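Observations on chain architecture
Each chain is listed here by its residues.
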Amino acid sequence: MQIQIYQGINKMMKSADITVVIDVIRAFTVAHYAFIRGADRIYLAETVEQAVEVKNRNPEYLLAGEVDGYPITGFDLDNSPFRISKENLSGKTIVQRTTNGVRATLNCLDSAHLFVTGYSNARKTAEFIKKNHMKEDTEINIVASHPTGEDDYACAEYIQSILAEDKKQINEYEVKRKIINSHVAKKFLDVKHEVFKREDLLYCIKELDSGFVMRVNTDSEIPMIERVQVC
Ligand SMILES: O=C(O)[C@H](CS(=O)(=O)O)OP(=O)(O)O
Ligand SMILES: [Mg+2]
């Protein structure tokens, strides 16, 4: 088994058997809560324009995401896990556009198996991969999507430590500390920024065993996150 951690949204890695793309603050914490709240699938759009075009053809779909962290005019949902956790998304299809998580995932479509997660589902995802996909020669890429975010990088190390069974590398307390202290988290702690909810950070550091992992279906015309039930 070979595990390599990459950071950022530029395509720079050689393809692997398994890739895990991480966005703790906030895209894949949002995706996790969207499925918990009943969503059926999440399409990953490269641009705002593509997302709008998909919705024009499918008016029942919900658009979710951000540009530079801010809500997008005309979208149904923003990029807040706190707010999405209050929605009833039963049976809904979501189209997600975000700066880091979605972008980084679209760089990895040549991976044989592609997963996404925030911290909330990191342990579940790592354990699923370990149980179902690990052989001696398996190559695994872990992509910390924010180009400079300590949040995603710490989560990447956490997943690596579970896969490699290296308990000394980083534990959950250290990951959470790094997420909260990351420069990405700062605006959520600043009361001047009304759109950035302090509660979002609490959702981003809360591990939640929801019984599924999030796998990207790369055969779909537009790449799509699906939930895979594990227990
Ligand atoms: O909305 C977010 O949390 C970020 C954008 S920023 O880092 O806040 O500008 O997007 P994401 O793709 O979820 O990292
Ligand atoms: Mg992020």
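Right above here is the structure, for reference.
Keep in mind the model is a prediction, meaning the values are calculated, not measured.

So, the site of ligand 1
For ligand 1, the set of nearby residues contains 13 residues, the closest of which are Asp-23, Arg-26, Asn-79, Thr-98 and Lys-187. At 3.1 Å from an oxygen atom of ligand 1 is found a main-chain nitrogen or oxygen belonging to Ile-25. Taking Ala-27, its main chain carries an N or O atom lying 2.9 Å from an oxygen atom of ligand 1. Expressed as a share of its isolated accessible area of 360 Å², the protein-covered part of ligand 1 is 94%.

Structural notes on the packing of aromatic side chains
Applying the stated rule across the entire model yields 8 aromatic pairs. The interplanar angle of 40° and the centroid separation of 5.6 Å between the aromatic rings of Tyr-119 and Tyr-158 together place this pair among those described as tilted. Placement of Tyr-119 in the loop between strand E6 (113-117) and helix H5 (122-133) and of Tyr-158 in helix H6 (residues 150-163) is noted, with a sequence separation of 39 residues between them. With respect to class, Tyr-119 is no different from Tyr-158; both count as buried. A network of ring pairs unites the aromatic residues Tyr-33, Phe-82 and Tyr-203 as a single cluster. Of note, Lys-187 hangs over the ring of Phe-196, and the distance from its end group to the ring centre comes to 4.5 Å. Over the ring of Phe-212 we find Arg-227; its NZ or CZ atom is 4.2 Å from the centre of that ring.

Some details on the coordination of the magnesium ion (ligand 2)
Only Asp-23 (OD) and Ile-25 (O) from the protein reach the magnesium ion (ligand 2) as donors, at distances of 2.0 to 2.2 Å. Take Ile-25: its relative accessible area is 9%, and that puts it in the buried class.

A few points about the packing of H6 against helix H7 (residues 172-180)
When two helices pack together, their arrangement is given by the angle between their axes and by how far apart the axes lie. Axis separation between H6 and H7 bottoms out at 8 Å; the angle between their running directions is 165°. Here H6 lies roughly antiparallel to H7, going by the angle between them. Between H6 and H7 lies a crossing whose hand is left-handed. Packed against H6, whose contacting residues are Glu-150, Asp-151, Ala-154, Cys-155, Glu-157 and Tyr-158, the element H7 presents Glu-172, Val-175, Lys-178 and Ile-179 at the interface. Looking at the contact of H6 with H7, its residues break down into 5 nonpolar, no polar and 5 charged.

What counts, and where the lines are drawn
- Residues numbered from 1 in each chain as written.
- Chains lettered and ligands numbered in written order.
- Predicted model: local features only at pLDDT ≥ 70, side-chain atom pairs only at ≥ 80, totals over all residues.
- Heavy atoms only, no water.
- Near = heavy atom within 4 Å.
- Polar contact = N/O pair within 3.5 Å; in protein donor to acceptor, adjacent residues only side chain to side chain.
- Areas by Shrake-Rupley, 256 points an atom, 1.4 Å probe, with all protein chains shown as cover.
- Phe/Tyr/Trp six-rings, centres within 6.5 Å; stacked < 30°, edge-to-face > 60°.
- Helix = DSSP H or I, 4+ residues; strand = E, 2+ residues; numbered from the N terminus.
- Buried < 20%, exposed > 50% of the residue type's maximum accessible area, 1.4 Å probe, protein only.
- Lys NZ or Arg CZ within 6 Å of the ring centre and 35° of its normal.
- Donors = N, O, S within 2.8 Å, 3.2 Å for Na, K, Ca; no water.
- Axes fitted to C-alpha atoms, helices over the stretch in contact; angles between N-to-C directions.
- Parallel < 35°, antiparallel > 145°, perpendicular 65-115°, else oblique.
- Left-handed = near helix turned anticlockwise from the far one by under 90°.
- Contact = heavy atoms within 4.5 Å.
- Nonpolar A, V, L, I, M, F, W, Y, C, P; charged D, E, K, R; others polar.

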